[in-house]
Amino acid sequence: MPCNGKATETCGGSNRLTVSQLPDGGGTNPPTAGKGKRGLCYNNNNPSKNAVYANMFKGYSKISWAYDWGYPSWDLDTFFEFVPMLWGKPSGAAPDWTAAVQTAGTKSILGFNEPDLTYGGSSNMLPADAAAGYASYMEPFRGQVQVGTPNVLWNNDVGSSSGGAYNSRVWTRYFLGNCTACHFDYAAIHYYQDCEPAGRAQDTGPDWFKGNVTHAWDTLRLPLWITEFQCYGSEDQQVRFLQKVMPWLDAQAYVARYAYFGTFPDLLINHDGTALSALGQAYATT
Ligand SMILES: *[C@@H]1O[C@H](CO)[C@@H](O)[C@H](O)[C@H]1NC(C)=O
Ligand SMILES: *[C@@H]1O[C@H](CO)[C@@H](O)[C@H](O)[C@H]1NC(C)=O
């Protein structure tokens, strides 16, 4: 369904874009210095209580943006574009959220974090509730900033989704079905899986990941932001995985942005929290 008569806008997820209709021919595709698709997910849970780990990536031209599952940015360096996230549904008026969205320099906003899941770190919402939350807290900003769909775990098959025994793709379908007047500029997904699943060919992990990203595009037809992804395995296995998937992500016109999980010690940062890890180096420079 065309939204406000514009072919490149989507209401309720039913206006499926083709690659040639992607805004700006895919926006960041192919990525150029300072406009890279790569971003950072970080928080201020560290001795400095700020964006110290994310800021260690300053100067790496393939990294251009960052988010911290909320706002403010905790002194994120201006080298990066900060993207505020509304993690869950506020219980009432949220003037602080409005102020974060209206802060000069904000170009895009992220919505609910894993509302499709029921574990402690997810925002766990019924699709209809999430849609009502979008109407109140995200829709008012359409046209002012780029608005993303809720961040869902695309490859979740376990039936533990919020509200019933359906997977996260079905959760997304129900959400879109309840949010028919909503406008989305991009879709946000997560992916977690083994780097090299046991007993399978080494390329299976990267292939599953690419398969899920392709499937998300085929289903949603919006530019994709992969706001969290990680493969489980040793540091060497994770580096191999990134070396296989990042050139592919950079080459897909419908992949606008991605952020490996996460900007923390023993992941993209070394154990002591003093510099990039080997994995972080691979992420920043591959
Ligand atoms: C709206 O969401 C509810 C669950 O919250 C779901 O049962 C219903 O099918 C959805 N409606 C549409 C039209 O998708
Ligand atoms: C998505 O990933 C899962 C592993 O989590 C895999 O079993 C499935 O085949 C993948 N889907 C596609 C379309 O590749």
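Just so it is clear, the model here is predicted, and its values are computed rather than measured.

Asks: So what exactly am I meant to see when it comes to the site of ligand 2 here?
Replies: Around ligand 2 sit N155, Y191, Q193, W208, G211 and N212, and that is every residue in its neighbourhood. The contact in question runs from an oxygen atom of ligand 2 to an N or O atom on the side chain of N155, over 2.9 Å. Q193 is positioned such that a nitrogen or oxygen atom in its side chain is 2.6 Å from an oxygen atom of ligand 2. Surface burial for ligand 2 is 63%, taken as the share of its 370 Å² of free accessible area covered by protein chains. Secondary structure elements with two or more residues in the shell around ligand 2: β9 (187-194) and α5 (204-220). Here the shell around ligand 2 takes three residues from α5, the largest share from any one element.

Asks: Would you explain a negative patch on the surface in this entry?
Replies: Together, E235, D236, D266 and D272 make up a region of like negative charge exposed at the surface. Examined against the element boundaries, D272 turns out to sit in the loop between β11 (255-260) and α7 (278-285).

Asks: Quick question: what am I supposed to make of α5 here?
Replies: Residue pairs spaced three or four apart in an α-helix point in one direction, given the helix's 3.6 residues per turn. Along its 17 residues, α5 runs 24 Å from first to last C-alpha, staying within 8% of the 24 Å computed at 1.5 Å per residue. Within α5, the full set of buried residues consists of T204, G205, P206, F209, N212, V213, A216, W217 and L220. Taken together, the buried residues of α5 touch α4 (168-178), β9, β10 (224-232), α6 (235-251) and β11. The first or second residue beyond α5 is R221, which carries a positive phi of 50 degrees.

Asks: Which parts of the structure should I look at to understand the pairing of β10?
Replies: Here is the key point about a regular strand: its side chains alternate between the two faces of the sheet. Here β10 lies mainly inside the structure; eight of its nine residues are buried. Across eight bridges, the pairing between β9 and β10 is parallel. Counterpart to A187 in the pairing with β10 is L224. With α5 bridging β9 and its parallel neighbour β10, the resulting β-α-β unit is right-handed.

Asks: Teacher, can you tell me more about the state of the cysteines here?
Replies: Chemically, a disulfide is nothing more than a covalent bond linking the sulfur atoms of two cysteines. Using the criterion set out here, one finds two disulfides in the structure. Across the disulfide, C195 is cross-linked to C231 (sulfur-sulfur distance 2.0 Å). Between C195 and C231, the disulfide has an S-S torsion of 80 degrees and is therefore right-handed. On the criterion of sequence distance, the pair formed by C195 in the loop between β9 and α5 and C231 in strand β10 is long-range, its members being 36 residues apart. Across the pair, exposure class does not vary: C195 and C231 are buried alike.

Asks: In this structure, what is going on with the site of ligand 1? I would like to understand it.
Replies: By nearness alone, every residue bordering ligand 1 is listed as L126, P127, A128, Y174, G177 and N178. Here A128 contributes a backbone N or O atom positioned 3.0 Å from an oxygen atom of ligand 1. N178 has a polar side-chain atom sitting 2.3 Å from an oxygen atom of ligand 1. In isolation ligand 1 exposes 360 Å². Once the protein is present, 55% of that is buried. Mapped onto the shell around ligand 1, the elements with two or more residues apiece are α3 (127-137) and α4. Residue classes in the shell around ligand 1 are distributed as four nonpolar, two polar and no charged.

Criteria and thresholds
- Residues numbered from 1 in each chain as written.
- Chains lettered and ligands numbered in written order.
- Predicted model: local features only at pLDDT ≥ 70, side-chain atom pairs only at ≥ 80, totals over all residues.
- Heavy atoms only, no water.
- Near = heavy atom within 4 Å.
- Polar contact = N/O pair within 3.5 Å; in protein donor to acceptor, adjacent residues only side chain to side chain.
- Areas by Shrake-Rupley, 256 points an atom, 1.4 Å probe, with all protein chains shown as cover.
- Helix = DSSP H or I, 4+ residues; strand = E, 2+ residues; numbered from the N terminus.
- Patch = residues over 30% accessible without salt bridge, like charges linked within 9 Å, V, L, I, M, F, W, Y side chains within 5 Å.
- Salt bridge = Lys/Arg side-chain N within 4 Å of Asp/Glu carboxyl O.
- Lys, Arg positive; Asp, Glu negative; His and termini not counted.
- Charge placed at Lys NZ, Arg CZ, Asp CG, Glu CD.
- Expected span 1.5 Å × (residues − 1).
- Buried < 20%, exposed > 50% of the residue type's maximum accessible area, 1.4 Å probe, protein only.
- Contact = heavy atoms within 4.5 Å.
- Pairing = 2+ DSSP bridges.
- Right-handed = clockwise from strand over helix to strand, strands pointing away.
- Disulfide = S-S within 2.5 Å.
- Nonpolar A, V, L, I, M, F, W, Y, C, P; charged D, E, K, R; others polar.

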